[in-house]
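Each chain, written out:
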Amino acid sequence: MLVTLIPLFDENIKVSAYSLYTQKANFLLHPNLLGSGSNDGAAQIEGFELILNMGLETLSPAKEIFVPVNEISIFSDIPSQCGLPHEFFVLLLKGNIPCTLMYIDRVKALKKMGYRFAIRKLPVSSYEAYHDLLVLMDYVMLDCEEIDISKARIYFNKVYPNIRLCASNITKTETFDAICQDKSCTLYEGSFYRLPVTKGNHDVAPLKINYIELMNLVNTEDFDLTKAADIIGHDTALVISLLRMVNHMAVNSEITSIRHAAAMLGQKELKRWINTAVVNQLCSDKPNELTRLSLLRAKFAENLAPAFELGGKASELFLTGLFSVLDIILDKPMEEALSLVKVSRDIEDALIRQSGIFAEPLYFIKQYEAGNWSEVSRLMILENLDTQTVYDAYIAALKWYRDLFSDTYKK
């Protein structure tokens, strides 16, 4: 199965929910699934496996998850497939689901159990005909490229005042700002929050310069552990993060200093920790999803390195994913942003020129995280990537990210 998590934001660009995008197989390799074979296993809700595998509290702590259901799986024994609290789920219907008495009664029965519903891709021309189903919805997802959100707000406020609107497919920050100003929606989805920076109008803040200095130090060959420890000691957030990291290792001994903690990790692990912890700090004044995006790309890329026959370059692929949003973090074009950090020519080629040995894995990861399954399927054929390999690499990246912030999730 192919699966990815798409963030849904509030008006402050804070993640309020995630939507699961799934595809059970590579349809280009298995064209029978596009015909009658599409019903194979259709009673199983795709995505519940991921939730059970990861755990709801770590996959999406205190946030809702929109889980797609089809016209067959909606009649399955949903509680037995995933027995987690109903209030954290929103069952997501497609606009082609029949608006018949059988489906209306099923939605009513599930709502009595505590489940909530959303619908997406419902044509405007079907609003009136779908009245009996729409009145049961908690959310309606509206594609802002196809629907005038302001007019939709007027219509829904009048006819369905209890429905919350979600604007989807927002590709420009200007569109997001306009919809927010209009107070039309509760949730917002799209690529607007990770648009590349094309003009360098902002100086890098002094604190960020310190972080970049630290990254540059540890990314040099055979760097000085004590010098790195001294730079870490100037930032309380990094000190706390480092001590949390090594406390798991120091079961029978006490950490006597920051240098001691750095020595316990060693060069390799300290380098890895600094690159991830520093990116987290660099993103502190940005949408929190950027941290997750950067770190997941990094680990996903590293995990996929052997599949792309780049196993010996896994650490560089990690940095390629990690720095793939550096332009957004530093408010500078990518070429200017990368001039501040020490990276290899291969990484520069991928991030600036979209060329070289790392360009294809990075492009694949971006298509995967966006749920562009047709393009993902095409690339999997070209690169001879197995569906299970890709799925395992993504799940491992999610688990790594969860464990990286385990203290946060436990709070």
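Everything here concerns the structure above.
Residues numbered from 1 in each chain as written. Predicted model: local features only at pLDDT ≥ 70, side-chain atom pairs only at ≥ 80, totals over all residues. Heavy atoms only, no water.

The next thing to look at is helix 17 (residues 359-369). With eight of eleven residues buried, helix 17 lies mostly within the body of the structure. Buried within helix 17 are the following residues: A359, P361, L362, F364, I365, Q367, Y368 and E369. The inward-facing, buried residues of helix 17 contact strand 1 (2-9), helix 12 (289-304), helix 13 (314-322), helix 16 (345-353), helix 18 (373-382) and helix 19 (387-404). (Buried < 20%, exposed > 50% of the residue type's maximum accessible area, 1.4 Å probe, protein only. Helix = DSSP H or I, 4+ residues; strand = E, 2+ residues; numbered from the N terminus. Contact = heavy atoms within 4.5 Å.)

So, about the nonpolar core. Core analysis: the biggest nonpolar cluster contains 130 residues, and M137, L270, F323, F364 and Y368 have the highest contact counts within it. For this core, the element with the highest residue contribution is helix 11 (residues 258-282), accounting for ten residues. Aside from chain neighbours lying at most four places away, what touches L270 is F223, L225, A228, I232, L242, A262 and L265. By size, the runner-up hydrophobic cluster in this structure holds ten residues, among which are L8, L92, A118 and Y139. (Core = buried A, V, L, I, M, F, W, Y, C linked by side-chain atoms within 4.5 Å.)

This model, assessed by the stated rule, comprises 19 aromatic pairs. Residues Y155 and F156 carry aromatic rings whose centres are separated by 5.3 Å and whose planes lie at 85 degrees to one another, so their mutual orientation is edge-to-face. Judged by relative accessible area, F156 falls into the buried class, the value being 1%. Between the NZ or CZ atom of R272 and the centre of the ring of F318, over which it lies, the distance is 4.3 Å. (Phe/Tyr/Trp six-rings, centres within 6.5 Å; stacked < 30°, edge-to-face > 60°. Lys NZ or Arg CZ within 6 Å of the ring centre and 35° of its normal.)

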